[in-house]
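Now for the letters of each chain:
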Amino acid sequence: MTQLVHVRHDRRLGEFALRAIDVAADAPLLHRWVTHPKAAFWLMQDADLDAVAAEYRRIAEHPHHEAYLGLWRGEPAFLAERYDPAHVELVGLHDARPGDVGMHFLCAPTDTPVSGFTRAVITTVMAWLFADPATERVVVEPDVRNTAVQALNAAVGFEVVGPVTKPEKTALLSICTRQGFRAATDVIAAAGTETKEHHRDHA
């Protein structure tokens, strides 16, 4: 069994976890996810299985880019990528600082959506990134047309910097600090594989 790199217990939806991608084993699943119509902003709609496998082998071999499979209650349910924006995606487009980490996430397509699931996924991914004490800020560059993910980003503490022009899209550069994430979610991104959650008591 592939070792989990992070586990988060959501008080409503249960256990979320991340493990490294096994390209040979996971490529067919990833191909179904990234070519689904709901994954249009992933920009791999026309990729065949070999192309998807090649892309994730490339990421696995890249010194500044990593990909992980997300599990919900032990079953594959989302995809997460971590990258160094000084070397990947935002080179020359972002005022990179030490401690900046880039992030992508994708939820598996489903015909039976669960209320709050996508927000729980992005919260898990952010908690995982901030569990590394070296991470100071998380940087994202969603398509300016992807208003759904922009709303999710705002909900976990991202602040918009502004649009940047990339070869494949116009992106909305946004940044989330550790303090911004904590204030927005009350999730303590503790170092290690377990993430604890703190919830304020309201009068």
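The present account deals with the structure reproduced in this document. (Residues numbered from 1 in each chain as written. Predicted model: local features only at pLDDT ≥ 70, side-chain atom pairs only at ≥ 80, totals over all residues. Heavy atoms only, no water.)

Broken down by element type, the chain carries 5 helices and 10 strands. Computed over the C-alpha atoms, the radius of gyration of the chain is 16 Å, within 12% of the 17 Å expected from 2.2 N^0.38 for a compact globule of 203 residues. A burial count over the chain gives 48% of its 203 residues as buried. The contacts in the chain between residues at least 6 apart in sequence include a share of 59% that link residues at least 24 apart. (Helix = DSSP H or I, 4+ residues; strand = E, 2+ residues; numbered from the N terminus. Rg over C-alpha atoms; globule rule 2.2 N^0.38 Å. Buried < 20%, exposed > 50% of the residue type's maximum accessible area, 1.4 Å probe, protein only. Contact = heavy atoms within 4.5 Å.)

All right, on to the nonpolar core then. The biggest cluster of nonpolar side chains holds 31 residues, and the ones touching the most others in it are Met103, Phe105, Val125 and Met126. Elements with a contribution of two residues or more to this core: strand 2 (14–20), strand 3 (65–72), strand 4 (75–83), strand 5 (100–107), helix 3 (117–130), strand 6 (137–140) and helix 4 (147–155). At 10 residues, helix 3 tops the list of elements feeding residues into this core. Dropping the residues within four chain positions of it, Met103 is found in contact with Glu81, Tyr83, Ile122, Val125, Met126, Leu129, Val138, Val139, Val140 and Phe158. Val7, Ile21, Ala47 and Val52 belong to the second largest nonpolar core, which has 23 residues in total. (Core = buried A, V, L, I, M, F, W, Y, C linked by side-chain atoms within 4.5 Å.)

So, about the layout of surface pockets. Each pocket or cavity is described by its volume, and for the largest pocket that value is around 1200 Å³. Around the largest pocket, the lining comprises 44 residues; the ones closest to its centre are Trp42, Phe105, Leu106, Cys107 and Asn146. Of all the elements in the fold, those that place two or more residues in the lining of the largest pocket are helix 2 (49–61), strand 3, strand 4, strand 5, helix 3 and helix 4. A per-element tally of the lining of the largest pocket places strand 5 first, with 5 residues. (1 Å grid on protein atoms, 1.4 Å probe; cavity = no way out; pocket = protein on both sides within 12 Å on 5 of 7 lines; lining within 4 Å. Points joined across faces, edges and corners; volume = space filled by probe spheres on them.)

Scanning the model with the defined rule gives 6 aromatic pairs in all. By way of ring pairs, the aromatic residues Phe16, Trp72, Phe78 and Phe117 are connected into one cluster. (Phe/Tyr/Trp six-rings, centres within 6.5 Å; stacked < 30°, edge-to-face > 60°.)

Turning to the packing of helix 1 (residues 23–34) against helix 2, a few remarks are in order. The contact between helix 1 and helix 2 brings their axes to 9 Å, and the two run at 120 degrees. Crossing handedness for the pair helix 1 and helix 2: right-handed. In contact with Val23, Ala27, Pro28, Leu30, His31 and Val34 of helix 1, helix 2 contributes Leu49, Val52, Ala53, Tyr56 and Arg57. (Axes fitted to C-alpha atoms, helices over the stretch in contact; angles between N-to-C directions. Left-handed = near helix turned anticlockwise from the far one by under 90°.)

Attention now moves to helix 2. With 13 residues, helix 2 should cover 18 Å at 1.5 Å per step; its first-to-last C-alpha distance of 18 Å lies within 8% of that length. Restricting attention to buried positions, one finds in helix 2 the residues Val52, Ala53, Tyr56 and Ile59. The buried residues of helix 2 occupy an angular sector of 125 degrees when the element is viewed end-on, so they sit on one face. For helix 2, the exposed residues set more than 90 degrees away from the buried face come down to Asp50 and Glu61. Where helix 2 is buried, its residues contact helix 1, strand 3 and strand 4. (Expected span 1.5 Å × (residues − 1). Arc of directions from axis to C-beta.)

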